[in-house]
Amino acid sequence: MRALLICLICLPSLSLAAGGDDRGAPKPTPTTTTCNGVKVWDEKKKRCVRPKQSSLETEGLYGAVRELAYAGRYSDAQGVLLAIANQTDDRVLTYWGFTHRKLGSIELANAFYQQAIAQNPNNFLARSYMGQGFVDDGQPAQALAQWKEIRARGGTGSWPEVSLRRALETGQSFSY
């Protein structure tokens, strides 16, 4: 096990920043700079509104979840998740897991990650977040297993693979 971790640390690092995709931290919008509580910025109404009253489509709500989670507003992110119609979507399940993990409910988080992975075994983000939770929980062998699974499924060099590798290297997980 120790040899595997040493080899993992020796791998070259890849940049985590990328254009407008899910690789980097989300850019702040009025959802996090202006709105308080479980509200999102509605561009059409030019004000903060409850997520279900917004004109945001699923992708916009999902973006608000990412932004709120990155800002450490996990309960608010969960409130926005509730507004997404398809609660069985693997991305929604992944963010339920992420927010629960960050709020300290590790078992519940892992249940959501497992549901997401059962729906989409190639959900690298769910695998990465689950692995990062294992790192946070002092379980590097389980984290390493998720990292290997991401790589075996073609995720080498992806943000989920690199972020989990870095979490294994540093002992620190990511907030987005």
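Values in this document were obtained by computation on a predicted structure and should not be read as measured data. (Residues numbered from 1 in each chain as written. Predicted model: local features only at pLDDT ≥ 70, side-chain atom pairs only at ≥ 80, totals over all residues. Heavy atoms only, no water.)

## Some points on the side chain of T31
Position of T31 among the secondary structure elements: in helix α2 (residues 30–33). One polar contact links the side chain of T31 to the main-chain amide nitrogen of W41, over a distance of 3.0 Å. When sequence neighbours within four positions are dropped, the list of residues in contact with T31 reads K39, V40, W41, A64, E67, L68 and R73. (Helix = DSSP H or I, 4+ residues; strand = E, 2+ residues; numbered from the N terminus. Polar contact = N/O pair within 3.5 Å; in protein donor to acceptor, adjacent residues only side chain to side chain. Contact = heavy atoms within 4.5 Å.)

## Quick look at helix α9 (residues 159–170)
Taking 1.5 Å as the rise per residue, α9 with twelve residues should run 16 Å; its terminal C-alpha atoms sit 16 Å apart, in good agreement. Among the twelve residues that make up α9, nine are buried, leaving the element largely enclosed by the rest of the structure. What α9 keeps buried is the set W159, P160, E161, V162, S163, L164, R165, A167 and L168. Immediately beyond the C-terminal end of α9, within one or two residues, lies G171, with a positive phi of roughly 80°. (Expected span 1.5 Å × (residues − 1). Buried < 20%, exposed > 50% of the residue type's maximum accessible area, 1.4 Å probe, protein only.)

## Considering unusual backbone geometry
Even without glycine at this site, K46 takes up a positive phi of about 60°. Residue placement: K46 occurs in the loop between β1 (40–42) and β2 (47–49).

## Section: the UniProt feature "repeat: TPR" (unreviewed entry) in the chain
UniProt tags residues 90–123 as "repeat: TPR" (unreviewed entry). Taken end to end, residues 90–123 comprises 79% helix and 0% strand; its first and last C-alpha atoms sit 8 Å apart. (UniProt positions renumbered as here; feature names shortened; annotations may be inferred.)

## A word on the pattern of salt bridges
Tallied over the entire structure, the rule returns nine salt bridges. Between R73 and D76 there is a salt bridge, and its shortest N-O distance comes to 2.9 Å. Here the two residues R73 and D76 agree in accessibility, since each one is buried. Note that D89 is salt-bridged to R91, the shortest N-O span being 3.9 Å. When salt bridges with common partners are traced through the structure, they connect R151, E161, R165 and E169 into a single cluster. (Salt bridge = Lys/Arg side-chain N within 4 Å of Asp/Glu carboxyl O.)

## What about the state of the cysteines?
With the rule as written, the count across this model stands at one disulfide. Here C35 is linked by a disulfide to C48, with a sulfur-sulfur distance of 2.1 Å. Across the S-S bond linking C35 and C48, the dihedral sits near -95°, which makes this disulfide left-handed. Of this pair, C35 sits in the loop between α2 and β1 while C48 sits in strand β2, and the two are 13 residues apart along the sequence. (Disulfide = S-S within 2.5 Å.)

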